[in-house]
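# Breakdown of the fold
If you want the building blocks of each chain, they are given just below.
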Amino acid sequence: MKKTFIILAALIVLSGSTFAQGFDLSIGPKVGYQTAKLSYHKEDIKSGFAEHFTIGAFARIEIGNLYVEPEILWFKSSNVFDLNTNVTHDTIIGGITIPSGANLDFTLKAMNIQVPILIGYKFNVIDGILAIRPQVGPTLNIVIPQQTLVNQSIGSADPTEIDKETFDTKSIAFGLQGGLGVDVFNFTLDINYNFGISKVFGANIINNTSWGQYIDTNNISDAHNNMFMVTLGYKFL
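Please read all numbers here as calculations on a predicted model, not as lab measurements.

Moving on, we come to unusual backbone geometry. In this model, phenylalanine 185 sits at a positive phi of 55°, which is unusual for a non-glycine residue. The residue phenylalanine 185 is located in the loop between strand 11 (172–184) and strand 12 (187–196) in this model. Of the residues examined, phenylalanine 185 reaches a relative accessible area of 52% and is grouped as exposed.

In structure tokens form, the structure reads like this:
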């Protein structure tokens, strides 16, 4: 993965040095949101912006129909992990009573700085007006954990927050992003899917916390950060 970033960085530098020879450069801001599931419903889109707002900037270097697009994006994430409890009777953990049969889940809240470097091909449907762009490339995520909430639910009841913990999460994560973009005049709309390559949690996960001995962590030990990213941008150049 590191070699891939070095190669792409070298390509960007090379493209910049040859800009005067006919390479096109575009820069601009981006806003959007991330979601686990795409939806065209207005309520879902409003919820995505409200809970998982994304903002950043991009630069696009075009070489004919090919292009390289590095971006820098900032967003908050909130991932829920369902767990299987090993509590077979009422148990007190850290002063909190967990009733028999209760189900626990963790909500991992974090701030993220993501740096995708996308390579794509632009199909000009109507030159200067409409273009379609398939694209793919690696991503680097800097993850700053804020809080991990422990939620409890019994049966069909809504989960309730019962504790807050600091778990062993990765601060640097790599991924692979791919998707489709559309340009309409100077506006850009991109829908990409981020495949997490790095695991979300570190080796100890939650075993060093008061919850570790009671919770089956096997189903989150290989958890990856997979999500859709929907962004709208504007090319100033």
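And the narrative resumes.
You can see threonine 139 is positioned in strand 9 (residues 130–153). Taking the relative accessible area as the measure of exposure, threonine 139 reaches 1% and is therefore buried. Expressed as a C-alpha distance, the spacing of threonine 139 and glycine 175, which sit 36 residues apart in the sequence, is 4.9 Å. There is a polar contact of 3.3 Å between the side chain of threonine 139 and the side chain of asparagine 194.

Once that is clear, we can look at the packing of aromatic side chains. Going through the model one piece at a time under the given rule, you end up with 7 aromatic pairs. Summarising the aromatic geometry, the rings of tyrosine 33 and phenylalanine 49 are spaced 5.0 Å apart at their centres and angled 55° between planes, so their arrangement reads as tilted. Of this pair, tyrosine 33 sits in strand 1 (residues 24–35) while phenylalanine 49 sits in helix 2 (residues 42–51), placing them 16 residues apart in sequence. Judged by relative accessible area, which is 35%, phenylalanine 49 ranks as partly exposed. Following the ring pairs from residue to residue traces out a cluster consisting of Tyr33, Phe49 and Phe53. Over the ring of phenylalanine 58 we find lysine 30; its NZ or CZ atom is 5.4 Å from the centre of that ring. Between the NZ or CZ atom of arginine 60 and the centre of the ring of tyrosine 67, over which it lies, the distance is 5.3 Å.

Tracing the backbone through its elements, the reader meets lysine 122 in the loop between strand 7 (103–121) and strand 8 (123–126). Within the structure, lysine 122 has its side chain in polar contact with the side chain of glutamate 62 (distance 2.9 Å). With near-sequence residues (within four places) excluded, lysine 122 lies in contact with Glu62, Asn65, Tyr67, Ala131, Ile132, Arg133 and Asp183.

Here the focus is the pairing of strand 12. Residue alternation in strand 12 divides its side chains into a buried set, Thr188, Asp190, Asn192, Asn194 and Gly196, and an unburied set, Phe187, Leu189, Ile191, Tyr193 and Phe195. Two strands pair when backbone bridges link them, and strand 11 and strand 12 are joined in this way by 10 bridges, in the antiparallel orientation. In the strand pairing of strand 12, valine 184 is matched with phenylalanine 187. Counting the residues between successive antiparallel strands, the hairpin from strand 11 to strand 12 contains 2 residues, one of them, phenylalanine 185, with a positive phi of roughly 55°. Sheet topology note: the strand 12/strand 14 (residues 227–234) ladder contains 8 bridges and is antiparallel. Bridging from a neighbouring strand, asparagine 192 pairs with methionine 229 of strand 14.

For the rest of this paragraph, the subject is the pairing of strand 1. As paired strands, strand 1 and strand 2 (residues 53–63) are joined by 10 bridges and run antiparallel to one another. If you follow valine 31 over to strand 2, its bridge partner there is isoleucine 55.

What counts, and where the lines are drawn
- The numbering scheme is per chain: residues are counted from 1 as the chain's sequence reads.
- Under the rules for a predicted model, residues below a pLDDT of 70 receive no local features and side-chain atom pairs below 80 are neither given nor counted, while totals for whole chains, interfaces and linings still include all residues.
- Note that the side-chain values use all heavy atoms of the structure and ignore hydrogens as well as water.
- Going along the chain from the N terminus, every DSSP run of H or I of four or more residues is numbered as a helix, and every run of E of two or more is numbered as a strand.
- Working definition: with a 1.4 Å probe on protein chains only, accessible area under 20% of the residue-type maximum means buried, over 50% means exposed, and in between means partly exposed.
- Any pair of N or O atoms that falls within 3.5 Å is considered a polar contact. Within protein, one atom must be able to donate a hydrogen and the other to accept it, and sequence-neighbouring residues count only if both atoms are side-chain atoms.
- Two aromatic rings from Phe, Tyr or Trp, using only the six-membered ring of Trp, form a pair when their centres are within 6.5 Å; if the ring planes differ by under 30 degrees the pair is stacked, by over 60 it is edge-to-face, and anything between is tilted.
- The rule is short: NZ of Lys or CZ of Arg within 6 Å of the ring centre and within 35 degrees of the ring normal puts a charge over the ring.
- Throughout, a contact is declared for two residues whenever any of their heavy atoms are within 4.5 Å.
- Here, a strand pair is defined by DSSP locating no fewer than two bridges between the strands.

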